[in-house]
Amino acid sequence: MTEVQASEHLIPWRMGYVAIDVDDLDEATTAWTTLGMLEVAERCEDAVYLRGGTDHHWIVLHKAKHKAGLRRLAFEVRKREDLDTYRVRLESEGVAVTEHPGEWTGDAIRFTDPSGYEVELFDAMGNVGIAPTKPWINPSDLLHAVVGVADLDKSFDFYGRVLGLLESDRVTDRTIFLRAGNQFHHALVLGAGRAEPPFLDHGALHFDDIDDLMRVRQNFIERDAHIDRDLLRHPTSGSMGFYGKGLPGPATVEFCIDHGKITDPMHRPRSMAPGRWTSNVWRPPVDLDA
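Residues numbered from 1 in each chain as written. Predicted model: local features only at pLDDT ≥ 70, side-chain atom pairs only at ≥ 80, totals over all residues. Heavy atoms only, no water.

Before going further, it helps to spend a moment on the side chain of Asn219. For Asn219, the location among the structural elements is in helix H5 (residues 210-222). According to the relative accessible area criterion, Asn219 is buried, its value standing at 9%. Polar side-chain contacts of Asn219 include one of 3.0 Å to the side chain of Arg223. Excluding residues within four positions of it along the chain, Asn219 makes contact with Thr34, Leu35, Met37 and Trp136. (Helix = DSSP H or I, 4+ residues; strand = E, 2+ residues; numbered from the N terminus. Buried < 20%, exposed > 50% of the residue type's maximum accessible area, 1.4 Å probe, protein only. Polar contact = N/O pair within 3.5 Å; in protein donor to acceptor, adjacent residues only side chain to side chain. Contact = heavy atoms within 4.5 Å.)

A word on the confidence of the model for the protein. Taken residue by residue, the protein gives an average pLDDT of 93. The fraction at 70 or more is 96%. Predicted confidence for residues 1-6 stays below pLDDT 50, and this span has three contacts to residues more than four positions away or in other chains. (pLDDT = per-residue confidence, 0-100.)

On to the sheet that holds strand E16 (residues 253-257), then. Picture the strands of a sheet paired through backbone hydrogen bonds; they go either parallel or antiparallel. One open sheet holds the nine strands; their spatial order is E14-E15-E16-E13-E9-E12-E11-E10-E17, and the pairing between them is mixed. Lying at the two open borders of the sheet, with one neighbouring strand each, are strand E14 (232-233) and strand E17 (270-272). In this sheet, strand E12 (residues 188-192) lies alongside strand E9 (residues 141-149) in parallel orientation, the contact comprising five bridges. Considered in E12, the bridge of Ala145 is made with Leu188. Against the sheet, helix H4 (residues 152-162) touches E9, strand E10 (166-171), strand E11 (175-179) and E12, its axis set at about 160 degrees to E12. On the sheet, H5 packs against strand E15 (240-244) and E16 and is oriented at approximately 20 degrees with respect to E15. (Pairing = 2+ DSSP bridges. Axes fitted to C-alpha atoms, helices over the stretch in contact; angles between N-to-C directions.)

A separate point is the sheet that holds strand E3 (residues 47-51). Taken together, the eight strands give an open sheet; going across it, the order is E2-E3-E4-E1-E5-E8-E7-E6, and neighbouring strands pair in mixed fashion. Unpaired on one side and paired on the other, strand E2 (39-43) and strand E6 (98-100) mark the two borders of the sheet. Between one strand axis and the next, the sheet turns through 25 degrees on average, direction left out of account. Bridging between E6 and strand E7 (residues 108-112) involves three bridges; their strand directions are antiparallel. Counterpart to Glu99 in the pairing with E7 is Ile109. Across the sheet, helix H2 (residues 25-34) touches strand E1 (14-22), E2, E3 and strand E4 (59-63), and the angle it forms with E4 is around 160 degrees. Relative to the sheet, helix H3 (residues 81-92) contacts E6, E7 and strand E8 (118-122), its axis offset from that of E7 by approximately 25 degrees.

Following this line, the structure appears as structure tokens:
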């Protein structure tokens, strides 16, 4: 692929935000601000918008009308004109598209993916203009979301061929890592067999350095909050971090540093065999004591 072809490839720029339905809005807000290190940007009667950096929101918490869970995945596009191109492309695939004025963003369109998830593409996340003042450690990026899908091949076709996300790596028959235009190793991860959709396995927040990561981890420890998978190194993105379950369901959050970018237009995705080192290169051999 030439540089000209790469620049013309229609692809969302980045993961924009994740919207989650929660049972207790106040409890979830407290957890995301004290453990998740995000700041409240806006509070409505039935929703709270949480920000990192100067973006208006990365996480939107909604009071669940029925069952708690993932409400929406949202991606920011490169430019306003991309929404028109996506609209035409989606409708040609038989996907119903609705217009949306955007919530503290530019214009947006919404539609449903093959697993039934609501997806939004929007133009230009609102900028607050000043860095957060409340959390003592602020993440630098909303990296990705990992979701369960009903049909891995069908979901990959939709997010790859239709939306334009690029495959970075995969775990054979289980997981596909997809990247957006900002080149982080993955903005979306499709997982088969994790759970029936709708299922948000986790979202990921990126920090600037190991000291910030360890401060967040220590914050979990001192608050007696649940750490799921403690310090590990992923073989795919190269990121190091831990998973926190101290936030009320369905929110598990990966806190990490060193998440790699793929800048080579000729990158060839790896097909990784399922095994002990698929998610953590630091795991010892099974027969260490044999």
